[in-house]
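Remarks on the overall topology
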Amino acid sequence: MTNTTPRCAVVTGGSAGIGAELCKQMLADGYQVISMARRAPEFTHERLHSVVVDLADRAATAQAAREVAVRFAPDTLVHNAGVILPALLEEVRLEDLDTLVDIHLAAAIVLAQAMLPAMKAGRFGRIVLLSSRGALGLAGRTSYGATKSGMFGMARTWALELAPHGITVNVVAPGPVQTDMFHEIVPHGSPKVEALAASIPVKRLGQPADVAHAVRFFTSAEAS
């Protein structure tokens, strides 16, 4: 890839929260951006393309991944889509674990496999997986923590395999970030919001832009 080659990125979960903010920032940087999510983003842009797909559906994800790879040949994959499905151990449903495996891990594999031929041919690629502080353990997060921590082992393996091809692989693992998904668990105005902020050294919750800036560093050509 040369400095003049237009960049093209797939962002999963690009319709809301961190994903939507990341799409906006990457569009501002000049990328072609493909959002892959269960619904289209609420904003439009001439370089924004929406692919509506349920990433928990392996067959649908594979079909969408193939179509995106053929049409756009993206050089960047940011797997941001995520679901929590909280439950204490006694109430964990294996069906929920399967769903989170499909969304957090299997979808990442399928998308990366579809995009790798173009990345390898261009000897350039950037893959970023969005994990979570919950990977370190958090009450009610058996399935979420297991799959989000699984991203670390997967990314380390990919990084070793793909580095010779000019493809980097990184994980960004945010703590509490004020998104719709966060507030589904911790409602607006709850005392827990203030308590969480007090437990963080900078005394505030994260914002989607904070995470998007970190991801953009790892997707940049300079982060080689």
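The coordinates are above.
Quick summary incoming for the structure in this document.

Rules and cut-offs
Residues numbered from 1 in each chain as written. Predicted model: local features only at pLDDT ≥ 70, side-chain atom pairs only at ≥ 80, totals over all residues. Heavy atoms only, no water. Pairing = 2+ DSSP bridges. Helix = DSSP H or I, 4+ residues; strand = E, 2+ residues; numbered from the N terminus. Axes fitted to C-alpha atoms, helices over the stretch in contact; angles between N-to-C directions. Contact = heavy atoms within 4.5 Å. Buried < 20%, exposed > 50% of the residue type's maximum accessible area, 1.4 Å probe, protein only. Parallel < 35°, antiparallel > 145°, perpendicular 65-115°, else oblique. Left-handed = near helix turned anticlockwise from the far one by under 90°. Nonpolar A, V, L, I, M, F, W, Y, C, P; charged D, E, K, R; others polar.

Judged from the six bridges that link them, strand β5 (residues 125–130) and strand β6 (residues 167–172) form a sheet pairing that is parallel. Bridge pairing in β6 places arginine 126 opposite threonine 168.

Turning our eyes to something else, we now look at unusual backbone geometry. For leucine 85, which is not a glycine, the phi torsion comes out positive at approximately 50°. Tracing the backbone through its elements, the reader meets leucine 85 in the loop between β4 (76–79) and α3 (94–122). Phi is positive for lysine 203, which is not a glycine, with a value near 60°. Inspection of the secondary structure puts lysine 203 in the loop between α6 (191–198) and α7 (208–219).

Taken together, the six strands give an open sheet; going across it, the order is β3-β2-β1-β4-β5-β6, and neighbouring strands pair in parallel fashion. Either end of the sheet is taken by a strand with one partner, and the two such strands are β3 (48–52) and β6. Direction aside, the axes of adjacent strands within the sheet are offset by 15° on average. Bridge count for strand β1 (residues 8–12) against β4 is three bridges, and the pairing is parallel. By the bridge assignment for β4, valine 11 is matched with valine 78. Contacts from α3 reach β1, β2 (32–37), β4, β5 and β6 within the one sheet, and its direction differs from that of β4 by about 175°.

What follows covers the environment of phenylalanine 124. Position of phenylalanine 124 among the secondary structure elements: in the loop between α3 and β5. Taking the relative accessible area as the measure of exposure, phenylalanine 124 reaches 10% and is therefore buried. The sequence separation of phenylalanine 124 and serine 224 amounts to 100 residues, and the corresponding C-alpha distance is 9.5 Å.

Running from N to C, helix α1 (residues 17–28) and α7 cross one another at 55°; their axes reach a closest spacing of 9 Å. By the angle between their directions, the pair α1 and α7 is classed as oblique. Of the two possible hands of crossing, α1 and α7 adopt the one that is right-handed. Of the residues in α7, those in contact with Gly17, Ile18, Glu21, Leu22, Gln25 and Met26 of α1 are Pro208, Ala209, Val211, Ala212, His213, Val215, Arg216 and Thr219. Considering only residue class, the contact of α1 with α7 consists of eight nonpolar, four polar and two charged.

Geometry only, nothing functional implied.
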